Amino acid sequence: MTPFGSDQLDENAKVGDFSNLTEPGIYRLGTCEGKSRCFIIKENAYDTVARTLVYFFNWQRCGDPMGWNGVCHEDDRIVLKDGTVRSLAGGHHESSDLRKWTFGTSLGMIGLLQYALRQKPSWDKQIIEDEIRHSLKYYLALISDEGYLFDSSFTYEGDKGEYINKGYGDYNKPWLRRQYYDRPAPAPSHYQAIQLFSLCAQYFTNIAPDPIMAERCLSAAQKVYHFMKSTKQSPYTLPIYPPLGHGGMEYYYGGFYDSSAMNYAGIALSAIEIYKIAPSEKYYNDACTALRQLINLQIRDGGAKGCFLESSGSRQLANNYCYFFSTGIPQAIINAAELWKSAPDRPHWLEAVKMIAEQYWTASKKNSYNRVPACYYTQNYHAYRNAEFNKGNVFKYQYYTGTSEVDGEQQAIQYGMECYCYNLDIEAMGIFFKKASKLLKRNEYEEIAYSQLDWLLGANRFDASNVNGVGYNVPHRGIYGEFFPPVPQIPGGVYIGYTDECFDEERSGMRNEYDSPMVGWLLYLISELDN
């Protein structure tokens, strides 16, 4: 083991190369400084991890006796404009609360579906199918006659906003019926729902044959897609803010509007997934057009080479939004290159993939864990600078990477390693690097993909697994003042991304929150690496 040198994440890091060790067995490393924990070498080494992750969704059910919270919110509903009442019970809770954010629960289910389409574990006795059907029932009910998804901030019916920045202070309020609105949910909720429905159609065609459900899912995907393509996309505003911790939430959705990079990626990803189950020139042409417009926004030199402008003429980079950049723009481009191998535009897609990969790979070589950055941003702007929920979460590990011309001016570019919800970013980029290793024939990219998985399972500067029930030194869940009852210790729960405060008893682990997108996309990453 030798010192790494200048390590951006861990000044005490040492590295060794054990790639020649391939004999199946149980091992531990010994040095003059001590011994490591045991580790295994075997086929399907991550199978037990995946099994634990899958069961997390069962625990997170809403309105169902299998969920950790029992049969809660069984009277959730919406009163439509014509006075019709529609039940919206069911679905899954997204994170360490009782909410069912459409952008978050759909991301989690997308990850689970990607795993289900790639793996056929022997232990899955209809477990995954049951979770898919439970989620589908809720998402199908969310679609309006016009094709949009109903909106909600998951405050209770009658909440007038008097508790914002205060908290409810009342044990009973989180149990009350939630307020839904007969208006469109945010754009990313729609694009992810289209992918969810399309993946479900693929699942019920190829894995668990059910022609009626497959057709219903495809029809739902096409209906929502038509709404999004025929409707002008503008920055989203919440109908009401939740009582605590969501002061900057509109920043989540701020990058989605007509002519924005994030919106182009949403269109492309949606068209790609529909095409897989219903091939047609329409979806192929829509995806190609969106990708041309997206790639026109890619920066080709300087410190931001490989990044994307938020839109033409913007002074901001597109990847300032937790949840959506890493699961959006890189995936849209590389998925198209995987799917359409003879497309005339494919060389441009591969060049864009190469620039993204080189940008993240270069940064990963500056730390011994091969950790990729969570986000890039212009030095004078990142989405959470003025967001109330981020005032205590300053980017401690952020680094200057050069300058680039942005809207006619040279701007300094930085990247952050421990941005909010960064575990989802490293999962998504791990998936991207695994695919890029094959498309670009670069074996070192596959190593980067494995390194992101290693970080999540404990090979990190905290010496702590991010998965409850897997590995060592998992810290206590956060103690929040907004929700009761507090979320229990759920096996398979994946935290949003550790920082130093996660291990500070005085801070009560405020970053220690489970989140289903991190669970689903960890499954997706495992399925790519084990495929």
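Just above sits the structure.
To keep things clear, this report deals only with the structure shown in the data block. (Residues numbered from 1 in each chain as written. Predicted model: local features only at pLDDT ≥ 70, side-chain atom pairs only at ≥ 80, totals over all residues. Heavy atoms only, no water.)

So, about unusual backbone geometry. The phi angle at Gln 126 is positive, at roughly 70°, despite the residue not being glycine. Its location among the elements puts Gln 126 in the loop between helix 2 (102–118) and helix 3 (127–141). Overall, the relative accessible area of 44% leaves Gln 126 in the partly exposed class. We note that Asn 370 has phi near 55°; this positive angle belongs to a residue other than glycine. Overall, the relative accessible area of 18% leaves Asn 370 in the buried class. (Helix = DSSP H or I, 4+ residues; strand = E, 2+ residues; numbered from the N terminus. Buried < 20%, exposed > 50% of the residue type's maximum accessible area, 1.4 Å probe, protein only.)

Topologically, Cys 421 is positioned in the loop between strand 13 (409–416) and helix 11 (422–439). Separated by 97 residues in the primary sequence, Cys 421 and Met 518 have C-alpha atoms spaced 8.5 Å apart. Setting aside its immediate chain neighbours within four residues, Cys 421 contacts Cys 322, Tyr 323, Ile 496 and Met 518. (Contact = heavy atoms within 4.5 Å.)

Turning next to the packing of aromatic side chains. With the rule as written, the count across this model stands at 37 aromatic pairs. Taken together, a centroid distance of 6.2 Å and an interplanar angle of 85° make the contact between Phe 56 and Tyr 514 edge-to-face. Residue Phe 56 is found in helix 1 (residues 47–59), and its partner Tyr 514 is found in the loop between helix 12 (443–457) and helix 13 (516–530); the two are separated by 458 residues along the sequence. Like Tyr 514, Phe 56 is buried. Residues Tyr 148 and Phe 150 carry aromatic rings whose centres are separated by 6.2 Å and whose planes lie at 85° to one another, so their mutual orientation is edge-to-face. Note on accessibility: Tyr 148 and Phe 150 belong to one class, buried. Among the aromatic residues, those joined into a ring-pair cluster are Trp 101, Phe 103, Phe 154, Tyr 180, Tyr 236, Tyr 252, Tyr 253, Phe 256, Tyr 323 and Phe 324. It is Arg 37 that lies over the ring of Tyr 472; its NZ or CZ is 4.3 Å from the centre. (Phe/Tyr/Trp six-rings, centres within 6.5 Å; stacked < 30°, edge-to-face > 60°. Lys NZ or Arg CZ within 6 Å of the ring centre and 35° of its normal.)

Purely geometric numbers; function is a separate question.
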